[in-house]
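Take a look at the letters that make up each chain.
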Amino acid sequence: MAEKEKEKDNDKETRIPNIIPVLPVRDIVVFPYMIIPLFVGREVSIKGIEQALSENRMILLLSQKDMSIENPASTDLYAIGTVGMIMRMLKLPDGRVKILVQGIAKAKVKKLVRATPYMEAEIEKIEETKPLLLSIEEEAQIRTVKEQLDKAVSFGKTILPDIMIVIENLDDPGRLADLVASHLGLKTEQAQEILEITDPIIKLKRVSDILSREIELLIVQQKIQSEARGEIDKTQREYFLREQLKAIQKELGDIDERAEEIREFRKKIEDAKMPEKVLKEAEKQLKRLEKMHPDSAEAATIRTYLDWLVELPWSKSTKDNLDIKAATKVLNDDHYDLEKVKERILEYLSVRKLKEKMKGPILCFIGPPGVGKTSLGRSIARALGREFIRMSLGGVRDEAEIRGHRRTYVGALPGRIILGMKQAGSNNPVFMLDEIDKIGMDYRGDPSSALLEVLDPEQNFAFADHYLSVPFDLTNVMFITTGNLADTIPGPLRDRMEIIYLSGYTTEEKLGIARKYLLPKQLEENGLTTKIMTITDEALTLLISQYTREAGVRNLEREIANLCRKIAKRIAEGTGKKFTVIEKNLQGFLGVPKFLPEEEMAHDEVGVSTGLAWTEAGGDIIYIEATTMKGRGNLTLTGQLGDVMKESAQAALSYVRSKARSLGIKEDIFSKTDIHIHVPAGAIPKDGPSAGITIATAIASAFTGQPVNKNIAMTGEVTLRGRVLPIGGLKEKTLGAKRMGIRKIILPKRNKKDLEDIPKYIKDDMEFIFADTMDQVLKAALKTAKKKSS
Ligand SMILES: Nc1ncnc2c1ncn2[C@@H]1O[C@H](COP(=O)(O)OP(=O)(O)O)[C@@H](O)[C@H]1O
Ligand SMILES: [Mg+2]
């Protein structure tokens, strides 16, 4: 093995986990820095190796005290061993595996945490101190060992010249001791004894003792050999020849194994039908691999690279099913309502049908969680007969996550796009990129620019992944992106996408979805039928309103699954055969409700107003509190508000001050009072100008002492002069108010036209008040004072 590679590998900082799989080894002690092939046949050991490979490739190598024991227990193993990194694994035809490990550090077993299906132990790393400055004696000791080794070699000890060179240049006593000990062919007990010594100088001394005995032995042995040389009889000769033959065959076998590997790669490259340029690269790398030592680290890198090249779907694609009727059926089978969205998707597919290579925009589904964005994507794939791949971009900070790392980088891998393509196994999947609105919020490099290249039909025919270093054609991929809000998507990305909004559902819609889709799905999954379990509409509605509070139906699905499981369990226990869930017994299955109907605020309060917010999770209500206290005109804002919202609060305050007279507030009160505005329920991030009128109302109420009508929620931006400006997210906000049991909403007049786009059934039992100016807002929201001094 080439020593240079060892040196290189040692440089990378490897973190060793506390809990790690154990590999018992027979008749050898592995030292740190040693690279060694091991043959493993025992089931537990193979499981351990698989476990290590699925994590960070590290495994604790513990020597067996008695090599004849087939299934060693913890007491049969030494407690101190070496943590090794598995560099390569090869499955042999007889079921055994061959691994190549490199020792990394010594470790001590604190306790064994499991014995099956593989052994695993909690360990503690043993640090060895390396003396900074060597004393004269220590230096002499180092020199002695090196000289002894030279002498041993001159008397016939076989040690590779490479190793001798490394040893010659070593001046770390601990490492020198380990390296010499590992090449002396010591008995297990002896090697283990050396391994367990932590003081490097004592260890070196011990190695020196062993060496001097070894030299004596060698001298005597040479003497005996020269005496006995002429006497080797025929049988002995045959025996030696046979042993040699065996060794040669083994070598030849290894060569066969390599030739086989190269042959296999060649076949796979052929089967992958790569484009010209890729094929050239693959062949070039294969030639390099052929010339390399098969156990070298570099060969392993090339092998992994070739694996990627041959497994990518360069020319594998699925045949599109462009039957629009069938597609309509699939979409309807999978989703309730969503008419507009489905229509848009069908249009898109129709255009595809007419134009083979469509460079159309990328679809982008925007909406709160659980409204069916992902499942629509899945349906589209099903309708088209394509593979479906989904990848979340949430928290992607680094360009390399999209585009991969260069191969020169240790542990380099392709980026998520190429990873997805490999998973898809065809080059035309429906590829869903989730959480596109969460990308680039906090980034190193710029993932969004890499993403632009992925999504741009003018560029993505030759997508360049750093790891692959050859272009991959993404033009046949149908990308769909999803997100909760559109405004955090980087502009250039947004321009390339056609945004389709999906809004939250009303209770009635949820009921429909539950009946037609969620319930049948969960019944099936839990082995139930409608003969065994039924649920009334009333009970289902109760489940929707008191066990969930969300825009989508994700938790609803979870609760229904929960209910089905509870019933399945009762059936298994034999406590019933047929169940009907009604309002009364729902609690018996699901426990107490998680959300009680919004406790109406006890009475109309002074200084508290109700606003409407549009968040990632859909529409919601927020309360805004304003309190005045003695002071000198300061404004305090709390509740983790964003900058825009803070400014909007300032504007609201200025407006109220400028209107003091007409509101019946004494002018001088402002200079003698501090005002504190707080927005409770800290979890939702609060920003944007749309709470302006809500804040102004709370302030006006606090100063005038007039209570705010508790049944009204409001939304709208306010200017310094008291004009009310339009806001966004009307539909989500209305749904949010409705969900919370509020029926009256104050809206900017200029939003009136948007209200027309909201379906009638949502507006039906709601009252909308339109306001142009703050005066109108206050008139609707404030009740006449029951003057109460604050
Ligand atoms: N309109 C709908 N009709 C039927 N099922 C729906 C509908 N909307 C959502 N679902 C179901 O709700 C669950 C959550 O949807 P999902 O697609 O994961 O939401 P999203 O990706 O928007 O967060 C899925 O099981 C999905 O099938
Ligand atoms: Mg989703």
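Please read all numbers here as calculations on a predicted model, not as lab measurements.

## Let's talk about the overall build of the protein chain
Okay, step 1: Check the secondary structure of the protein chain and you find 28 helices and 24 strands.
Okay, step 2: The 790 residues of the protein chain split such that 47% are buried.
Okay, step 3: For the protein chain, contacts bridging at least 24 residues in sequence account for 74% of all contacts bridging at least 6.
Okay, step 4: Surface accessibility of the protein chain: about 40900 Å² in total, with carbon and sulfur atoms responsible for 52%.

## With respect to unusual backbone geometry
Okay, step 1: Of note, the bond from Thr-116 into Pro-117 is cis; its omega dihedral lies within 30 degrees of zero at -5°.
Okay, step 2: Examined against the element boundaries, Pro-117 turns out to sit in the loop between strand S5 (97-114) and strand S6 (120-126).
Okay, step 3: For Asp-27, which is not glycine, the phi torsion reads 45° and is therefore positive.
Okay, step 4: Its location among the elements puts Asp-27 in the loop between strand S1 (19-25) and strand S2 (35-40).
Okay, step 5: The phi dihedral of Glu-435 is positive, around 55°, even though this residue is not glycine.
Okay, step 6: With respect to the helices, strands and loops of the structure, Glu-435 is situated in the loop between strand S9 (430-434) and helix H16 (447-455).

## Comments concerning the confidence of the model for the protein chain
Okay, step 1: Per-residue confidence for the protein chain gives a mean pLDDT of 86; residues scoring 70 or more make up 93%.
Okay, step 2: Taken together, the stretch residues 1-13 has pLDDT below 50 and engages in 19 contacts with residues farther than four places along the chain or on a different chain.

## Regarding the packing of helix H24 (residues 692-704) against helix H28 (residues 774-781)
Okay, step 1: Contact pair H24 / H28: the axes reach a minimum separation of 10 Å and the direction vectors enclose 60°. When the axis of H24 is compared with that of H28, the two are oblique. Considering the relative orientation of H24 and H28, their crossing is right-handed. Facing H24, whose interface residues are Ile-693, Ala-696, Thr-697 and Ala-700, H28 presents Met-774, Val-777, Leu-778 and Ala-781.
Okay, step 2: Per-class residue counts for the contact of H24 with H28 are seven nonpolar, one polar and no charged.

## Considering the site of ligand 1
Okay, step 1: Within the structure, ligand 1 sits among 18 residues, and Gly-370, Lys-373, Thr-374, Arg-554 and Glu-557 are positioned closest to it.
Okay, step 2: Interatomic distance of 2.7 Å between a side-chain N/O atom of Lys-373 and an oxygen atom of ligand 1.
Okay, step 3: A distance of 2.3 Å separates an oxygen atom of ligand 1 from a polar side-chain atom of Arg-554.
Okay, step 4: Compared with its free state, where it exposes 560 Å², ligand 1 has 89% of that area covered by protein.
Okay, step 5: Listed by contribution, the elements that provide at least two residues to the shell around ligand 1 are helix H13 (373-384), helix H18 (507-525) and helix H20 (554-573).

## Digging into the sheet that holds strand S7 (residues 362-366)
Okay, step 1: Judged by pairing direction, the sheet is parallel, and its five strands sit side by side in the order S8-S9-S12-S7-S13 without closing on themselves. Only two strands of the sheet have a single neighbouring strand rather than two, namely strand S8 (388-392) and strand S13 (497-501). Averaged over neighbouring strand pairs, the angle between their axes works out to 25° when direction is ignored.
Okay, step 2: In terms of strand pairing, S7 meets strand S12 (residues 478-483) through four bridges, oriented parallel.

## Examining the packing of aromatic side chains
Okay, step 1: Scanning the entire structure with this criterion turns up six aromatic pairs.
Okay, step 2: Look at Tyr-336 and Tyr-517: their rings are 6.5 Å apart centre to centre, the planes differ by 80°, and that puts the pair in the edge-to-face class. One end of the pair, Tyr-336, is in the loop between helix H11 (324-334) and helix H12 (339-354); the other, Tyr-517, is in helix H18, and 181 residues separate them in sequence.
Okay, step 3: Since its relative accessible area comes to 26%, Tyr-336 is described here as partly exposed.
Okay, step 4: Judged by its relative accessible area of 15%, Tyr-517 is buried.
Okay, step 5: Between Phe-431 and Phe-479, the ring centres sit 5.4 Å apart and the planes meet at 35°, which makes this aromatic pair tilted. Taken together, the positions of Phe-431 in strand S9 and Phe-479 in strand S12 put the pair 48 residues apart, joining distant regions of the chain.

## A look at helix H4 (residues 161-169)
Okay, step 1: Among all positions of H4, only Ile-163, Met-164, Val-166 and Ile-167 are buried. All buried residues of H4 project into a common sector of 165° when viewed along the axis, lining one side. Of the exposed residues in H4, the ones pointing more than 90 degrees away from its buried face are Pro-161, Ile-165 and Asn-169.

## Some remarks on H20
Okay, step 1: In this model, H20 (20 residues) spans 29 Å end to end at C-alpha, consistent with the 28 Å of a helix rising 1.5 Å per residue.
Okay, step 2: Along H20, the residues classified as buried are Leu-556, Glu-559, Ile-560, Ala-561, Asn-562, Leu-563, Cys-564 and Ile-567.
Okay, step 3: Elements in contact with the buried residues of H20: H18, strand S14 (533-535), helix H19 (537-547), strand S15 (579-581) and helix H21 (583-590).
Okay, step 4: Positioned one or two residues after H20, Gly-574 has a phi angle of 80°, which is positive.

## Thoughts on the sheet that holds strand S17 (residues 618-630)
Okay, step 1: Spatially, seven strands are ordered S18-S19-S17-S16-S20-S23-S24 in an open sheet, and the strand pairing comes out mixed. If you trace the sheet from one side to the other, it starts and ends with strand S18 (635-638) and strand S24 (767-771), each paired once. Neighbour-to-neighbour, the strand axes of the sheet open up by a mean angle of 30°, direction not taken into account.
Okay, step 2: Of the strand pairs in this sheet, strand S23 (residues 744-748) and S24 are connected by five bridges, and their pairing is parallel. Paired with Pro-748 across the bridge in S24 is Ala-771.
Okay, step 3: Set on the sheet, helix H22 (residues 643-658) makes contact with S17, S18 and strand S19 (673-678); between it and S18 the angle comes to about 145°.
Okay, step 4: The strands that helix H25 (residues 730-739) touches are strand S16 (608-615), S17, S23 and S24; relative to S17, the one it contacts most, it runs at about 75°.

## Brief notes about the side chain of Gln-148
Okay, step 1: When you line up the elements, Gln-148 lands in helix H3 (residues 136-154).
Okay, step 2: Apart from the residues within four sequence positions on either side, Gln-148 is in contact with Ser-208, Leu-211, Ser-212 and Ile-215.

## Let's talk about the pattern of salt bridges
Okay, step 1: The final tally for this structure, using the stated rule, is 38 salt bridges.
Okay, step 2: Among the ionic pairs, Glu-261 bridges to Arg-303, the shortest N-O distance being 2.5 Å. Here Glu-261, found in helix H8 (residues 234-272), pairs with Arg-303, found in helix H10 (residues 297-311); they are 42 residues apart in sequence, far enough to count as distant.
Okay, step 3: Judged by its relative accessible area of 17%, Glu-261 is buried.
Okay, step 4: Note that Arg-266 is salt-bridged to Glu-290, the shortest N-O span being 3.8 Å. Residue Arg-266 is found in helix H8, and its partner Glu-290 is found in helix H9 (residues 276-291); the two are separated by 24 residues along the sequence.
Okay, step 5: Each of Lys-110, Lys-111 and Glu-122 takes part in one network of salt bridges that share partners.

Thresholds applied
Residues numbered from 1 in each chain as written. Chains lettered and ligands numbered in written order. Predicted model: local features only at pLDDT ≥ 70, side-chain atom pairs only at ≥ 80, totals over all residues. Heavy atoms only, no water. Helix = DSSP H or I, 4+ residues; strand = E, 2+ residues; numbered from the N terminus. Buried < 20%, exposed > 50% of the residue type's maximum accessible area, 1.4 Å probe, protein only. Contact = heavy atoms within 4.5 Å. Areas by Shrake-Rupley, 256 points an atom, 1.4 Å probe, with all protein chains shown as cover. pLDDT = per-residue confidence, 0-100. Axes fitted to C-alpha atoms, helices over the stretch in contact; angles between N-to-C directions. Parallel < 35°, antiparallel > 145°, perpendicular 65-115°, else oblique. Left-handed = near helix turned anticlockwise from the far one by under 90°. Nonpolar A, V, L, I, M, F, W, Y, C, P; charged D, E, K, R; others polar. Near = heavy atom within 4 Å. Polar contact = N/O pair within 3.5 Å; in protein donor to acceptor, adjacent residues only side chain to side chain. Pairing = 2+ DSSP bridges. Phe/Tyr/Trp six-rings, centres within 6.5 Å; stacked < 30°, edge-to-face > 60°. Arc of directions from axis to C-beta. Expected span 1.5 Å × (residues − 1). Salt bridge = Lys/Arg side-chain N within 4 Å of Asp/Glu carboxyl O.

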